[in-house]
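Given next are the chains, with one letter for each unit.
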Amino acid sequence: RALGASVAEWFGSSTRPEHIAQYDIGVIAGTVALGLGVMVLRNLPAPHDGTISVAETHVPGERDHITLNVSHSGMVISPRVVREVCEFLGSGRFTRDATRVG
C-alpha cells in the first residue's frame, strides 16, 4: 500500500518499455540496510538498502551496475550518487572510485 501501484505498473508487461535495450541503463544499488522494507514490510536478502535487495536491482540489458554504501532514501541526498550519475551520463560507465564513500 505504501508504494501504491508503481511496482505493479513497472512489472506489468503493458507499461514496461518494449525495446529497453535501445537505452543506456545504469543501475545504482545501495547497501545500507536502513529503510521501510526492513522496519515494516519484509525480511530482505542481504545485501540490501533497506527497501530493495541488490539482487532485485538488475535490469536486463543494463550497461553498468554499481553498489554504494547508501540507504534507499539516502540516495537522493548522496553526493557520491550524484557524482556516479554524472559519470554515467557522460561516459556510460560508473567510476568505481573506492576512495569516495557514500
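Criteria and cut-off values
- Residues numbered from 1 in each chain as written.
- Predicted model: local features only at pLDDT ≥ 70, side-chain atom pairs only at ≥ 80, totals over all residues.
- Heavy atoms only, no water.
- Helix = DSSP H or I, 4+ residues; strand = E, 2+ residues; numbered from the N terminus.
- Buried < 20%, exposed > 50% of the residue type's maximum accessible area, 1.4 Å probe, protein only.
- Contact = heavy atoms within 4.5 Å.
- Areas by Shrake-Rupley, 256 points an atom, 1.4 Å probe, with all protein chains shown as cover.
- Salt bridge = Lys/Arg side-chain N within 4 Å of Asp/Glu carboxyl O.
- Core = buried A, V, L, I, M, F, W, Y, C linked by side-chain atoms within 4.5 Å.
- Polar contact = N/O pair within 3.5 Å; in protein donor to acceptor, adjacent residues only side chain to side chain.

Student: I tried to follow the overall build of the chain on my own but got confused; where do I start?
Tutor: Counting its secondary structure elements, the chain contains three helices and two strands. For the chain, buried positions account for 30% of its 102 residues. Relative to all contacts within the chain whose residues are 6 or more apart in sequence, the contacts with residues 24 or more apart total 47%. Of the roughly 6,800 Å² of accessible surface on the chain, a fraction of 58% belongs to carbon and sulfur atoms.

Student: Looking at this structure, I do not really get the pattern of salt bridges. What am I missing?
Tutor: When the charged atoms of two side chains lie near each other, side chains of opposite charge can form a pair. Per the counting criterion, the structure on display carries two salt bridges. We note a salt bridge from Arg63 to Asp24, for which the minimum N-O separation is 3.0 Å. With a gap of 39 residues between them, Arg63 in the loop between α2 (36–41) and β2 (64–68) and Asp24 in the loop between α1 (6–11) and β1 (26–30) connect regions that are remote in the sequence. Looking at Asp24, the relative accessible area reads 53%, which means it is exposed. Arg80 serves as the salt-bridge partner of Glu84, at 2.8 Å between the closest nitrogen and oxygen.

Student: Quick question: what am I supposed to make of the nonpolar core here?
Tutor: Generally speaking, soluble globular proteins have nonpolar side chains that are buried together. Core analysis: the biggest nonpolar cluster contains eight residues, these being Ile28, Ile66, Leu68, Val70, Met75, Val81, Phe88 and Phe94. When contributions to this core are tallied by element, the ones reaching two or more residues are β2 and α3 (79–91). Not counting residues within four places of it along the chain, the set of residues in contact with Ile66 comprises Val27, Ile28, Ala29, Arg80, Glu84, Phe94 and Arg96.

Student: Just checking my understanding: could you explain the environment of Pro47 for this structure?
Tutor: Tracing the chain through its elements places Pro47 in the loop between α2 and β2. You can call Pro47 partly exposed: its relative accessible area is 44%. Taking the C-alpha atoms as reference, Pro47 lies 5.7 Å from Thr31; in sequence the two are 16 residues apart. In contact with Pro47, other than residues within four places in its own chain, are Thr31, Ser53 and Val54.

Student: Quick question: what am I supposed to make of the side chain of Asp49 here?
Tutor: Here Asp49 shows up in the loop between α2 and β2. From its side chain, Asp49 meets the backbone nitrogen of Thr51 in a polar contact 2.9 Å long. Polar side-chain contacts of Asp49 include one of 2.8 Å to the backbone nitrogen of Ile52. For Asp49, the residues in contact, after removing those within four places along its chain, are Gly30, Thr31, Val32, Ala33, Leu34, Val70, Ser71, His72 and Met75.

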